[in-house]
Amino acid sequence: MTLALTNLSAAPTDAEVDAWAAVVTAAHTADLPDVPAPTRVEIAGRLRVPPAAGRFTHWAADEGVASLLLFTDAGNAHTASLDLLNVRPDARRRGVGTALWHRVREELLARGRTSVSTMVDLGGPGQAFAESLGFENVLPLAWYVQDVQDAAAGLAGAEPELPAGYAPVCWEGLVPDAWAAAAAVAHGAMEDAPTGDMDEQPPAWTAERLHTAQRLVLDRGGRMLMAAAVTPAGEVASYTSLVLPDPAAPRALQYDTVVVPAHRGRGLGRAVKLRMLTEATARFPALREITTSVADENTPMRTVNAALGYRRERAAGIFQIKL
């Protein structure tokens, strides 16, 4: 079919944001009725504030929308991420999704990209559509949810003391300059996290890159909290980070949880996540749920999360196609 597509500008108007949000909300409500939809604050932030490590292209039509993230770092100049492709429920099965995908594919080929990946919820129309195009699930994972109040009540008094030689710290917003380099080193320990057969390569993390990524959350209207275990030598041995894309919304995202290899096996991952729960309930009274995604093969993290009251919400995967 012929679709009247518009490229959104770098500064979409309120009307454009509203129209985009209407499509995203309608699609989300139809496909995931029990999962809170992204709020307008979150949607506007992603449309109006450019990413830290790439360049977005957004296409909009009355029937559907699509966002493509072209990575700009040298190690990933061959690949990209399809951030979303949503079709209004009442416009499905009319070729709208296929028309959006053809436009995305044209852009990928024009930019010399040889693959693209996207996150897909399993068992729904997204999986069927992705597989019909030739996408394959290269990293099975699942979304897990923790009820903040229930978890806090159930774990009251259970916060473990850190082993000798470690001290707890908590930072809201940007990591302080004095700790930024050490936090970036710790972030690099994520390189051994499961990535399946994804073409995307993890970047080299520096203090500047870490601050840029954190500032993006804040610039988009969100808030960010990090709980860490540090050593007298100035190391960040373990940390976990929480992001509230919309501080007024009841659900937050658990981002990275890292334990540096030399400090593993000492309960630091559980300790920093418990500290995060304590800090989050005190700082964000409107917070009701924390959600996170974990690769199926990441058994240690799934075990820690289960002990902290996380329940499996839905299965998903990183789907990828070679062009």
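Residues numbered from 1 in each chain as written. Predicted model: local features only at pLDDT ≥ 70, side-chain atom pairs only at ≥ 80, totals over all residues. Heavy atoms only, no water.

Undergrad: I would appreciate a short explanation of the overall build of the chain in the present structure.
TA: Broken down by element type, the chain carries nine helices and twelve strands. By the compact-globule yardstick of 20 Å for 323 residues, the chain fits well, its C-alpha radius of gyration being 20 Å. Dimensions along the principal axes, computed over C-alpha positions, put the chain at roughly 65 × 40 × 35 Å. Per-residue burial for the chain yields a buried fraction of 47% across its 323 residues. Considering only intrachain contacts with a sequence separation of at least 6, the fraction spanning at least 24 residues in the chain is 73%. (Helix = DSSP H or I, 4+ residues; strand = E, 2+ residues; numbered from the N terminus. Rg over C-alpha atoms; globule rule 2.2 N^0.38 Å. Buried < 20%, exposed > 50% of the residue type's maximum accessible area, 1.4 Å probe, protein only. Contact = heavy atoms within 4.5 Å.)

Undergrad: Looking at this model, I keep getting lost on unusual backbone geometry. Mind explaining?
TA: When glycine is set aside, most residues are seen to have a negative phi, and most peptide bonds are trans. The backbone phi angle of arginine 93 is positive, close to 65 degrees, even though this residue is not glycine. Along the chain, the position of arginine 93 falls in the loop between strand S4 (80-87) and helix H3 (96-110).

Undergrad: Could you clarify how one ought to interpret the packing of helix H6 (residues 177-188) against helix H7 (residues 207-219) in this entry?
TA: Each pair of packed helices can be described by the angle between their axes along with the distance between the axes. Look at H6 against H7: their axes get within 8 Å of each other, and the N-to-C directions meet at 100 degrees. For the element pair H6 / H7, the angle class is roughly perpendicular. Every residue of H7 that contacts H6 at Asp177, Ala180, Ala181, Ala183 and Ala184 is listed here: Ala207, Leu210 and His211. Tallied by class, the residues present in the contact of H6 with H7 amount to six nonpolar, one polar and one charged. (Axes fitted to C-alpha atoms, helices over the stretch in contact; angles between N-to-C directions. Parallel < 35°, antiparallel > 145°, perpendicular 65-115°, else oblique. Nonpolar A, V, L, I, M, F, W, Y, C, P; charged D, E, K, R; others polar.)

Undergrad: Help me understand the pattern of salt bridges in this model?
TA: Any two side chains of opposite charge can pair if their charged atoms end up close together. With the rule as written, the count across this model stands at 19 salt bridges. Between arginine 223 and glutamate 172 there is a salt bridge, with the nearest N and O atoms lying 2.5 Å from each other. Highlighted residues: arginine 223 in strand S8 (residues 223-230) and glutamate 172 in strand S7 (residues 167-172), separated in sequence by 51 residues. Judged by its relative accessible area of 33%, glutamate 172 is partly exposed. (Salt bridge = Lys/Arg side-chain N within 4 Å of Asp/Glu carboxyl O.)

Undergrad: Can you walk me through the side chain of threonine 292 in this structure?
TA: Locating threonine 292 in the fold gives a position in strand S11 (residues 289-295). Among all residues touching threonine 292, those that are not within four sequence positions of it are Ala142, Trp143, Tyr144, Gln254, Asn305 and Tyr310.

Undergrad: Explanation requested: the side chain of aspartate 73 in the structure shown.
TA: By the element assignment, aspartate 73 lies in the loop between strand S3 (64-71) and S4. No salt bridge is formed by the buried aspartate 73. Its closest oppositely charged neighbour is arginine 209, at 4.7 Å. A distance of 2.9 Å separates the side chain of aspartate 73 from the side chain of asparagine 76, its partner in a polar contact. Other than its neighbours up to four places away in sequence, aspartate 73 contacts Ala53 and Arg209. (Lys, Arg positive; Asp, Glu negative; His and termini not counted. Polar contact = N/O pair within 3.5 Å; in protein donor to acceptor, adjacent residues only side chain to side chain.)

Undergrad: Explain H3 to me, please; I cannot follow it from the model alone.
TA: Residues spaced three or four apart along an α-helix face the same direction, because each turn holds 3.6 residues. With 15 residues, H3 should cover 21 Å at 1.5 Å per step; its first-to-last C-alpha distance of 21 Å lies within 8% of that length. Turning to H3, its buried residues are Val96, Gly97, Ala99, Leu100, Trp101, Val104, Glu107 and Leu108. Looking at the buried side of H3, the elements it contacts are strand S2 (54-60), S3, S4, strand S5 (115-121), helix H4 (125-133) and strand S12 (311-322). (Expected span 1.5 Å × (residues − 1).)

Undergrad: What is the right way to read the packing of helix H1 (residues 14-31) against helix H2 (residues 40-48) from this model?
TA: As a packed pair, H1 and H2 sit with axes 10 Å apart at the nearest point and diverge in direction by 120 degrees. It follows from the interaxial angle that H1 and H2 lie oblique. Note that H1 runs across H2; the crossing there is right-handed. For the pair H1 and H2, contact is made by Asp14, Val17, Asp18, Trp20, Ala21 and Val24 and by Arg40, Ile43, Ala44, Leu47 and Arg48, respectively. Taken together, the residues of the contact of H1 with H2 sort by class into seven nonpolar, no polar and four charged. (Left-handed = near helix turned anticlockwise from the far one by under 90°.)

Undergrad: Would you explain the environment of proline 202 in this entry?
TA: Assignment of secondary structure puts proline 202 in the loop between H6 and H7. It is 8.5 Å that separates the C-alpha atoms of proline 202 and methionine 190, two residues lying twelve residues apart in sequence.

Undergrad: Explanation requested: the environment of alanine 227 in the structure shown.
TA: Mapped onto the secondary structure, alanine 227 falls in strand S8. C-alpha of alanine 227 to C-alpha of methionine 198: the two residues are 29 residues apart in sequence and 29 Å apart in space.

Undergrad: How should I be thinking about the packing of aromatic side chains in this particular structure?
TA: Each aromatic ring pair is summarised here by two numbers: the centre-to-centre distance and the angle between the ring planes. Scanning the entire structure with this criterion turns up two aromatic pairs. Note on tryptophan 101 and phenylalanine 135: the rings are 5.3 Å apart at their centroids and 65 degrees apart in plane angle, and the pair reads as edge-to-face. Pair noted here: tryptophan 101 is in helix H3 and phenylalanine 135 is in the loop between H4 and strand S6 (136-147), with a separation of 34 residues, a long-range link. For the pair formed by tryptophan 101 and phenylalanine 135, the shared burial category is buried. Seen in terms of ring centroids, tryptophan 171 and tryptophan 179 are 6.0 Å apart; in terms of plane orientation they differ by 40 degrees. Their pairing is tilted. Of the residues examined, tryptophan 171 reaches a relative accessible area of 9% and is grouped as buried. The ring of tryptophan 205 has arginine 209 lying over it, and the distance from NZ or CZ to the ring centre is 5.5 Å. (Phe/Tyr/Trp six-rings, centres within 6.5 Å; stacked < 30°, edge-to-face > 60°. Lys NZ or Arg CZ within 6 Å of the ring centre and 35° of its normal.)

Undergrad: Even after reading the chapter, I still don't get the nonpolar core, so can you show me in this structure?
TA: Taken as a class, soluble globular proteins show a tendency for nonpolar side chains to be buried jointly. Formed by 22 residues in total, the largest nonpolar core has its most connected members in Leu68, Trp101, Val104, Leu108, Val116 and Phe135. Of the residues forming this core, the biggest block, six residues, is contributed by H3. Residues contacting valine 104, with those up to four places away along its chain left out, are Trp59, Ala66, Leu68 and Leu82. In this structure, Leu225, Leu277, Leu287 and Met301 belong to the second largest nonpolar core, which totals 21 residues. (Core = buried A, V, L, I, M, F, W, Y, C linked by side-chain atoms within 4.5 Å.)

Taken by themselves, the reported measurements are silent on function.
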